Amino acid sequence: MNPYIIIRRYLYEEPHHLNLKLNASNGRTSGELEYYCNASDLELFGNKLAGFSGREKLEYILGSERLEDRFAHFLKIEIFAIDSRGHSAVCIAMANNFNPPNRERSEFCITADVADINRLGSLMIEFSRLRHFALEWRVQTGSLLEEDETEPNQ
């Protein structure tokens, strides 16, 4: 199975707040998280990804895993170089912050080249315009779905 990141958008309080479902895998481990964010989050993080050079570390954090912080969910995406030849890592940690037995948590990394991360950023910027219902990114490809289709195949 090829590594992927799929983000689906569900109608909510747009254009200000988004209801998204993130489904991602590195081919060995996967995770899924439904979460809510500001509409500007996608464009802002997408711009950072599109401009990623491989020399800096990028980070997106939404929520917290600390129970005392009382967040409904936790999402952390880190991007950083793993060598000087343009190989990088997209590390994803996600948790639904439910109480047991419904608690779910995933953490893994996807290796990709700088150009792949730039493409993810470009897709995210276009996705932020709210004309598509899903963003599908794989290490060497990516697409946006304009219609509300059934869940994409992984």
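Right, let's walk through the structure included here. (Residues numbered from 1 in each chain as written. Predicted model: local features only at pLDDT ≥ 70, side-chain atom pairs only at ≥ 80, totals over all residues. Heavy atoms only, no water.)

Quick notes on the pairing of strand β3 (residues 30-38)
Reasoning step 1: The sheet contact formed by strand β2 (residues 17-25) and β3 spans 9 bridges and is antiparallel. Among the inter-strand pairings, Leu 20 is bridged to a residue of β3, identified as Tyr 35.
Reasoning step 2: Between β2 and β3, which pair antiparallel and follow one another directly, the connecting turn spans 4 residues, one of which, Gly 27, has a positive phi of 100°. (Pairing = 2+ DSSP bridges. Helix = DSSP H or I, 4+ residues; strand = E, 2+ residues; numbered from the N terminus.)

Details of the sheet that holds strand β5 (residues 74-81)
Reasoning step 1: On the basis of which strands lie adjacent, the open sheet formed by 4 strands has the order β4-β5-β6-β7 and antiparallel pairing. Looking at strand neighbours, the two that pair on one side only are β4 (58-63) and β7 (105-113), the edges of this open sheet. Adjacent strand axes in the sheet meet at a mean angle of 10°, parallel and antiparallel pairs treated alike.
Reasoning step 2: When β5 meets strand β6 (residues 87-95), the two strands line up antiparallel, connected through 8 bridges. The residue bridging Phe 80 from the neighbouring strand is Ala 89, located in β6.
Reasoning step 3: The sheet strands contacting helix α1 (residues 39-50) are β4 and β5, and the helix crosses β4 at an angle near 160°. (Axes fitted to C-alpha atoms, helices over the stretch in contact; angles between N-to-C directions. Contact = heavy atoms within 4.5 Å.)

Quick notes on the pairing of β7
Reasoning step 1: Burial of the side chains of β7 is restricted to one face: Ser 106, Phe 108, Ile 110 and Ala 112 are buried, whereas none of Arg 105, Glu 107, Cys 109, Thr 111 and Asp 113 on the reverse face is.
Reasoning step 2: Across 9 bridges, the pairing between β6 and β7 is antiparallel. What sits directly across from Ser 88, in β7, is Ala 112. (Buried < 20%, exposed > 50% of the residue type's maximum accessible area, 1.4 Å probe, protein only.)

Some details on the side chain of Arg 9
Reasoning step 1: Tracing the sequence through the fold places Arg 9 in strand β1 (residues 4-10).
Reasoning step 2: A distance of 2.7 Å separates polar atoms of two side chains, one belonging to Arg 9 and the other to Glu 14.
Reasoning step 3: Engagement of the side chain of Arg 9 in a polar contact is seen with the backbone oxygen of His 132, the distance being 2.9 Å.
Reasoning step 4: Not counting residues within four places of it along the chain, the set of residues in contact with Arg 9 comprises Glu 14, Asn 19, Leu 20, Phe 127, Leu 130, Arg 131, His 132 and Phe 133. (Polar contact = N/O pair within 3.5 Å; in protein donor to acceptor, adjacent residues only side chain to side chain.)

Details of the sheet that holds β2
Sheets are built from strands paired through backbone hydrogen bonds, the pairs being either parallel or antiparallel.
Reasoning step 1: In space, the 5 strands of this open sheet follow the order β3-β2-β1-β8-β9, with antiparallel pairing throughout. Both edges of this open sheet fall to β3 and β9 (141-145), since each of them pairs with a single strand only. Geometrically, the sheet is characterised by an average inter-axis angle of 15° between neighbouring strands, direction not taken into account.
Reasoning step 2: In the sheet, β1 pairs with strand β8 (residues 134-138) via 5 bridges, with the strands oriented antiparallel. Bridge pairing links Tyr 4 to Arg 138 in β8.
Reasoning step 3: Packed onto the sheet, α1 meets β2 and β3 and runs at close to 115° relative to β3.
Reasoning step 4: The sheet contacts of helix α2 (residues 114-127) involve β1, β2, β8 and β9, and relative to β8 the element is tilted by about 175°.

Considering the state of the cysteines
Reasoning step 1: Throughout the structure, instances matching the rule amount to 1 disulfide.
Reasoning step 2: Here Cys 91 connects covalently by a disulfide to Cys 109, the sulfurs 2.1 Å from one another. Linking Cys 91 and Cys 109, the disulfide has an S-S dihedral of approximately 100° and is accordingly described as right-handed. With Cys 91 in strand β6 and Cys 109 in strand β7, this pair connects stretches of sequence that are 18 residues apart.
Reasoning step 3: You can call Cys 91 buried: its relative accessible area is 10%.
Reasoning step 4: Cys 109 sits in the partly exposed class, given a relative accessible area of 36%. (Disulfide = S-S within 2.5 Å.)

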